[in-house]
Amino acid sequence: MLQQTTVTAVRSYYARFLARFPTITTLAAAPRDDVLALWAGLGYYSRARNLHACAQIVAARGGFPKSVGELRALPGIGEYTSRAVAAIAFNEPVVPVDGNVERVTARVFAIEEALPGARPAIARAAATLNTDPEAQARPSAFAQALFDLGATICTPRNPACGICPWQDGCAARKAGLAAELPRRAKRMAKPPRYGVCFVLRDQKGNFWLTRRPETGLLAGMTAFPGTPWRATRWTVEEAARHAPSTVDFELVGDVVHVFTHLTLHLSVYRGIINTFGQNSDGFACHPDNVMRQALPSVMRKCLRLAAPDLCKETEQ
DNA sequence: AATCCGGGGCC
DNA sequence: GGCCCAGGATT
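Just so it is clear, the model here is predicted, and its values are computed rather than measured. (Residues numbered from 1 in each chain as written. Chains lettered and ligands numbered in written order. Predicted model: local features only at pLDDT ≥ 70, side-chain atom pairs only at ≥ 80, totals over all residues. Heavy atoms only, no water.)

**Student:** Give me the overall build of chain A: which residues, what numbers.
**Tutor:** Assigned secondary structure in chain A consists of 15 helices and 6 strands. The principal-axis extent of the C-alpha atoms belonging to chain A is close to 75 × 45 × 30 Å. Here chain A holds 316 residues, and the buried ones make up 42% of them. Within chain A, counting contacts between residues at least 6 apart in sequence, those at least 24 apart form 62% of the total. Surface exposure of chain A reaches about 17500 Å², of which carbon and sulfur atoms provide 54%. Averaging the locations of the 37 positively and 26 negatively charged side chains of chain A gives two centres separated by 2 Å. (Helix = DSSP H or I, 4+ residues; strand = E, 2+ residues; numbered from the N terminus. Buried < 20%, exposed > 50% of the residue type's maximum accessible area, 1.4 Å probe, protein only. Contact = heavy atoms within 4.5 Å. Areas by Shrake-Rupley, 256 points an atom, 1.4 Å probe, with all protein chains shown as cover. Lys, Arg positive; Asp, Glu negative; His and termini not counted. Charge placed at Lys NZ, Arg CZ, Asp CG, Glu CD.)

So, in structure tokens, the structure goes:
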């Protein structure tokens, strides 16, 4: 959960997740959709699918692997997480390099090359950080202390160098560069994308939902039916061809949602049909169950626009 | 090496 | 409105 996600954002998801899946065995045995539903809103949904697959592998082999190499082979476990688990759970003498450790290391050694190109050099330097004999006997504590140093003192902006336990050995502080490092290559602008979605309900208040494709953005998540997302705006006539019904729809507003590499402008329409027909393009969902679906944040914004009272009742 | 993959907190 | 977050997989 913590991959590219702040502790603040994760905390409540983590509590709910462990309440529902207290052991590897229960997670391994759970339906994938239950896992995705509890992940909905956290983002990077491949993490949820990988974690589920991971649980099934670990459960089948009867326990966790303990070496970095074996951990690294598990789905969703990369260079960072394999070292984090090995160091923190099994006290292996390795240094996991996350965003915090990258920053601390770039500063301690005054590495001026910009990310992401500097990553290999930073990783090599990070492996030499632990020079204290007592700390070398406690790889788990050392790793977590590094995270905490980066999170509370060696922060991205306005680092608190004056109270830093490593201030005397920090090359960036000596050079007056601490706040400038690590440098980063400039990021690409997010191009706009436009789409239309339709919130269709029947007389009983049920919703008509679809499932997104298994690949691409929001893969496998629940969504309201609508147009594809493209670089140009949609006319009403164009969009109507992607509507799930020929009933009249009314525009209720626009949702703007920023993804990693694009900004989505979604026009939300609302309509009411007598009864849903049989249609493999979607499924009906009782209002009580809508918030239990794997609805990503952008779709929750659409729901809030089209059915504000429903969202207020089930607000988390 | 570059791109794709979410969402939110904070400045 | 941009930056960053206990990154990983794919191409």
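Let us keep going from here.
**Student:** For the protein's contact with DNA strand C, give the residues involved together with the corresponding values.
**Tutor:** Surrounding DNA strand C, one finds 22 residues, the nearest of these being Leu2, Thr81, Asp98, Arg103 and Phe147. Within 4 Å of the protein, atoms of DNA strand C come from sugar and phosphate in 67% of cases. At a separation of 2.6 Å, a phosphate oxygen of DNA strand C approaches a polar side-chain atom of threonine 81. One of the side-chain nitrogen or oxygen atoms of arginine 184 is found 3.2 Å away from a phosphate oxygen of DNA strand C. Sorting the residues of the surface near DNA strand C by element identifies helix 6 (79-90) and helix 7 (99-108) as the ones contributing at least two each. Residues that form the surface near DNA strand C fall into these classes: 8 nonpolar, 8 polar and 6 charged. (Near = heavy atom within 4 Å. Polar contact = N/O pair within 3.5 Å; in protein donor to acceptor, adjacent residues only side chain to side chain. Nonpolar A, V, L, I, M, F, W, Y, C, P; charged D, E, K, R; others polar.)

**Student:** Can you lay out the protein's contact with DNA strand B for me, pointing to particular residues and giving the numbers?
**Tutor:** Close to DNA strand B lie 17 residues, the nearest being Thr5, Tyr45, Leu218, Thr260 and His261. Take the atoms of DNA strand B that sit within 4 Å of the protein: sugar and phosphate atoms are 63% of them. A distance of 3.3 Å separates a sugar or linking oxygen of DNA strand B from a polar atom in the backbone of glycine 41. At a separation of 2.8 Å, a phosphate oxygen of DNA strand B approaches a polar side-chain atom of histidine 257. Split into classes, the residues belonging to the surface near DNA strand B amount to 7 nonpolar, 9 polar and 1 charged.

**Student:** Pulling in residues and values, what's your account of the nonpolar core?
**Tutor:** Ranked by internal contacts, the top residues of the largest apolar core, which has 44 residues, are Phe207, Phe224 and Leu303. Looking at this core, the element that brings in the most residues is helix 14 (residues 297-306), giving 5 residues. Dropping the residues within four chain positions of it, leucine 303 is found in contact with Phe207, Phe224, Val290, Met291, Leu295, Pro308, Leu310 and Cys311. Counting 14 residues, the second largest nonpolar core, distinct from the first, contains Val101, Val104, Val108 and Leu129. (Core = buried A, V, L, I, M, F, W, Y, C linked by side-chain atoms within 4.5 Å.)

**Student:** With reference to specific residues and values, describe the pattern of salt bridges.
**Tutor:** It is possible for side chains of opposite charge to pair when their charged atoms get near one another. One pass over the structure, following the stated rule, counts 10 salt bridges. Where arginine 270 meets glutamate 250, a salt bridge forms, and the shortest distance between an N and an O atom there is 3.0 Å. Taken together, the positions of arginine 270 in strand 5 (residues 263-272) and glutamate 250 in strand 4 (residues 249-258) put the pair 20 residues apart, joining distant regions of the chain. Take glutamate 250: its relative accessible area is 42%, and that puts it in the partly exposed class. (Salt bridge = Lys/Arg side-chain N within 4 Å of Asp/Glu carboxyl O.)

**Student:** Describe in detail the side chain of arginine 201, supporting the description with residues and values.
**Tutor:** You can see arginine 201 is positioned in strand 1 (residues 192-201). For the buried residue arginine 201, which engages in no salt bridge, the nearest side chain bearing the opposite charge is aspartate 309, 5.4 Å off. At 2.9 Å, the side chain of arginine 201 and the backbone oxygen of glycine 205 are in polar contact. With sequence-adjacent residues up to four places away left out, arginine 201 is seen in contact with Asn206, Phe207, Gly271, Ile272, Ile273, Phe276, Pro287 and Ala307.

**Student:** So what's going on with helix 6? Which residues, and what values?
**Tutor:** Taking 1.5 Å as the rise per residue, helix 6 with 12 residues should run 16 Å; its terminal C-alpha atoms sit 16 Å apart, in good agreement. Of all the residues in helix 6, the buried ones are Thr81, Ser82, Ala84, Ala86 and Ala87. The secondary structure elements touched by the buried residues of helix 6 are helix 5 (68-72) and helix 10 (139-152). Of the residues one or two after helix 6, asparagine 91 is the one with positive phi, at around 55°. (Expected span 1.5 Å × (residues − 1).)

**Student:** Provide a residue-level description of the environment of aspartate 132, including the pertinent values.
**Tutor:** Its place among the elements puts aspartate 132 in the loop between helix 8 (119-126) and helix 9 (133-136). Owing to a relative accessible area of 39%, aspartate 132 belongs among the partly exposed residues under this scheme. Put simply, aspartate 132 and phenylalanine 142 are 10 residues apart on the chain and 9.9 Å apart in space, counted from C-alpha to C-alpha.

**Student:** Go over the environment of glycine 195 with me, naming the residues and quoting the values.
**Tutor:** Following the sequence through the fold, glycine 195 ends up in strand 1. On the basis of relative accessible area, glycine 195 is assigned to the buried category, the value being 2%. Along the backbone, glycine 195 and proline 228 are 33 residues apart, and their C-alpha atoms lie at a distance of 6.1 Å. Setting aside its immediate chain neighbours within four residues, glycine 195 contacts Thr227, Pro228, Trp229, Trp234, Leu264, His265, Leu266 and Ser267.

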